[in-house]
Amino acid sequence: MDKTQPLAKKLPKSLLNHDHERIDNYYWMRDDERKNDEVLAHLNAENAHCDALMAPHQTLQSQLFEEMKGRIVKDDSSVPSKDGSYWYVSEVNGDEEYAKHYRASQEDLSDKTLLLDVNQLAQGNEFYDVGDITVSPHEQLLAYSEDTDGRRIYTIKFLDLTTNTLLPDVLHNTEGQVVWANDNKTLFYVKKDEQTLLGFQVYRHVLGTPQSDDILVFEEQDRQFYMGLGKSRDDSAIFIYLAATETSDQLILDANDPIGEFKTLLPRVEGHEYGLEKMGEFYYILTNKAAKNFRLMRATEQTIADIEQWEEVVAHREHVLLEGLELFNSHFVLTEREQGQIRFVVHDYQGQSYHLSFDDACYYATIGSNPEPSATSVRIHYSSMTTPSSVYDCNLTSGKKTLKKQQQVLGDFKPEYYHSERLHITARDGVKVPVSLVYRKDKFQQDGSNPLLQYGYGSYGITIDPNFSSQILSLLDRGFVYAIAHIRGSEMLGRQWYEQGKKADKQNTFNDFIDVTKALVEQGYGDKDKVFASGGSAGGLLMGAIANQAPELYLGLGCHVPFLDVLTTMLDESIPLTTNEYDEWGNPNFQADYQTILAYSPYDNIEAKAYPHILVTTGLHDSQVQYWEPMKWVAKLREYKTDDNLLLFKTDMEAGHGGASGRFKSLHERALEMAFFISLLDTHSQA
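As a starting point, this report considers the structure included with it. What you see is a predicted model; the values in this text were computed from it and never measured.

**A look at the pairing of strand E33 (residues 432-440)**
Counting buried positions along E33 yields 8 of 9 residues, so the element is predominantly enclosed. Pairing analysis gives 9 bridges linking strand E32 (residues 418-426) to E33, with the strands arranged antiparallel. Within the sheet, the bridge partner assigned to histidine 424 lies in E33 and is proline 434. Across 4 bridges, the pairing between E33 and strand E35 (residues 481-485) is antiparallel.

Below, the structure is given as C-alpha cells:
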C-alpha cells in the first residue's frame, strides 16, 4: 500500500430507494459552489500525489510534449470560406495558443482585415473558449461568445466592424449561440438554467437596449430537451431546435419579422426524431417516421404539418443510416453510413445521384463549412488513421475532388510508415463489432509482443470514426498498436447499433469492449500483459465498468472526466443534464431502471480485489460530469483495492469538461497519460 496516497475521511450517508439502501461514505465531497476548503485541499493533495509519483518520468513527459508540439505547424491557417461578400479565414502563429480571425473581399486574402484576435481576448484567463462567431446579414456587426471558466456558460459581446469598437451590449448566462434577424439589429439567444445549466429559454435582444429588457419568446418546460438555434439555408427563417434522446421538435420564425411568434411546424410526437431544413418553397426532413435508419422527405408550407402528405425523396434502407443533409441551389448532399463507413451521395433535384469515393480502407469524413447555397462545389474534411486531415472541394456536377489543403505534420512522419486495418470481432452474443486500428509497420510483427492501447466511447449514438491524430504517432513510433473499438451504443452500424447499447441493454457496451480486447490479444495484435485502455466522459464510465468487470485484462487505464456515479447522479434532477439523460440510461426512479444501472454503475460496484494501474483526470469546473464523481470513485477505490498498483488523480483546477484550452496547453494532459502508460511498460519489463 502506498503510504503517501491521500486518504479521505468517511462520513456515511444513507441513500434509500426502492427499499434498497446504499451507504455512500464520500457523498460529502460534493460542493456545488466549489469553495469548500476541505474538498479543495483534498483535490490539491491528490494533484501533489500524482505529481510526486510521476516526477521520475518528468523527462519522458516533457519529451512526449515536445514531440507532439514539434509536429504542429506553428504558422497555420484554415482554407478560406466564402460567406456573402467576404472570404473568412483563421490563422495561428508561433507559440500562440489561439487563432486570429480575418476576412477579405478577395480569395487570395490580399486585403484581409483582422476581426478577432482570440489571444488578446484570452489574456488574463487560465481558460478561454470562443463559442460562436456570427456576422450580421449586412456584414457590419460581429457577435461572439466567450467562456472563461470551462462551464460552457457564455457571455455574448458585439463588435462594430466599421469602427472596430465594442458595442455596450453584453448578454450573460447564455448557451453561446447567436442568430441574427434580417433587420441587423434584432437577435436571438438561449439562456441557461443557473442550477442545471440546461438551455431552456429563448430571448430576443434588440441592440442598444439592456439585457434586462430582453423579451422571453419561448420556454421549454420539459427538461429532457436540449435547445439550440439556427437559421434556414435560404436565410428566410429562424429555427429553435429541441432534441431529447429519442424525440425532436422544431419551431420557426420568419427572419424578416423578428417581433413575430415562433410557431410549431408539426406536432411533437414522442419517439419521432427528425432534422428539418428549408430551401425556397420546400422543407426537407430527415425523419425516423417508419424508418429506423431515417429517410428523406419533402413538404411545402401547406403540407409540413401533416406527415401523411410528405413526399418521399430518398427511401429508408435497412442497412444504410442517413446521418446528414446539406442543401445547395443545384444539388443536395446526403451523408450516409453503411457497414460502419461514411460516404457522401450527391443528388440533383431531378432524381439523379452519384457517390463521392475515397481510397482508404477506413476513414473519417464530414461536410465542412458551406455557407453559400449557390456554391458549385461542396467542401469536405477527410482523414484516416494514416492520412492527415485534408480539405477537399468537390464539384457538385462532376464529382471532381480538388485538394485545397492537407495538414502538414512536421518531423519524420510519412504515411507509408504506418498501416491501418478494419477488423470485425465476434462478441460473446455472436454480433460482429467493428474495430479500426493502426500501427507502425516496422514496429509490428503480429506475434503478440506489442503494447496495445484500445480506445472506446459507446454512448449517445456518437460514433468515434478512425481519423488522423498526430499525437498518437508518439505511441505508434514506440511500438504501440492503437485500436478504436466501435462498440454498441454508437451508431457505427446504424440506429439499432445504438439501441442495443443503451438503457436495459447497456451491458452490451462493456461486453463488446472486453471481447474486443480478448480477441485482439488472441489474434496477436497485443501482448496480454501490455494492454491499456482509455476513454473520457461516457467513455470514462466504460473505463470504470471494465475496471470492475475485467481488471485482469489491463495493465493500465486512462479515465478522463469520467461518469462513474451513475445511479446517484441519475436520481438527482438538480445536477446538470440528468433529466436529459433518462432516455439514454433509464430513469432510476423506476425500479427496473434502478436495478439495471445498479448492476454496472462503477462507483457502486467497487470490490475488494486487484485493479489495474489507473490515471484519472477531471476539471474542477466540469458542468457535464461533476468533479466529485471521479473524486469519490478514487477515494472508494483507495479504500477497497487490494493491490499496490498506481492510482493517480489529477484535477485541472481551472478547466471544465473539455480540459485545458489552447492548442499547446492541452498537450500536457495527453503527455501525462502517454508517460503514465509508457512508464508502466518500463516498470513491467523490469519486474
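Back to the text.
**Details of helix H7 (residues 538-549)**
In this model H7 runs 16 Å from its N-terminal to its C-terminal C-alpha over 12 residues, within 8% of the 16 Å that 1.5 Å per residue would give. Among the 12 residues of H7, 11 are classified as buried, and the element is accordingly described as predominantly covered. When we look at burial in H7, the residues that qualify are Ala538, Gly539, Gly540, Leu541, Leu542, Met543, Gly544, Ala545, Ile546, Ala547 and Asn548.

**Remarks on the sheet that holds strand E20 (residues 274-279)**
Strand order across the open sheet formed by 4 strands is E20-E21-E22-E23, with antiparallel pairing between neighbours. Each edge of the sheet is formed by a strand with only one pairing partner; in this case those strands are E20 and strand E23 (311-314). Between one strand and the next, the sheet's axes are offset by a mean angle of 30°, whatever the strand orientation. Note: strand E21 (residues 282-287) against strand E22 (residues 295-300), 6 bridges, orientation antiparallel. Its bridge partner lying in E22, leucine 286 is registered against leucine 296.

**Quick look at the pairing of strand E8 (residues 129-135)**
Of the pairings in the sheet, the one linking E8 to strand E9 (residues 141-147) comprises 5 bridges and is antiparallel in character. Counted as the bridge partner of threonine 134 is alanine 143 from E9. Counting the residues that bridge the hairpin from E8 to E9 gives 5 residues, and of these glutamate 139 lies at a positive phi of roughly 70°.

**Here we look at the packing of aromatic side chains**
Counted by the stated rule, this structure contains 28 aromatic pairs. A connected cluster of aromatic rings, assembled from ring pairs, spans Phe282, Tyr284, Phe332 and Tyr349. Against the face of tyrosine 27 rests lysine 13, its NZ or CZ located 5.0 Å from the ring centre. The lysine or arginine in question, lysine 112, covers the ring of tyrosine 102, its NZ or CZ lying 4.5 Å from the ring centre.

**Observations regarding helix H6 (residues 507-522)**
With 16 residues, H6 should reach 22 Å at 1.5 Å per residue; the first-to-last C-alpha distance of 23 Å fits that figure. The buried fraction of H6 amounts to 12 of the 16 residues, a majority that puts the element mostly inside the structure. Those residues of H6 that sit buried are Asn508, Thr509, Phe510, Asn511, Asp512, Phe513, Ile514, Asp515, Val516, Thr517, Ala519 and Leu520. Just past H6, the residue glycine 524 takes up positive phi, approximately 85°.

Cut-offs used in this document
Residues numbered from 1 in each chain as written. Predicted model: local features only at pLDDT ≥ 70, side-chain atom pairs only at ≥ 80, totals over all residues. Heavy atoms only, no water. Buried < 20%, exposed > 50% of the residue type's maximum accessible area, 1.4 Å probe, protein only. Helix = DSSP H or I, 4+ residues; strand = E, 2+ residues; numbered from the N terminus. Pairing = 2+ DSSP bridges. Expected span 1.5 Å × (residues − 1). Axes fitted to C-alpha atoms, helices over the stretch in contact; angles between N-to-C directions. Phe/Tyr/Trp six-rings, centres within 6.5 Å; stacked < 30°, edge-to-face > 60°. Lys NZ or Arg CZ within 6 Å of the ring centre and 35° of its normal.

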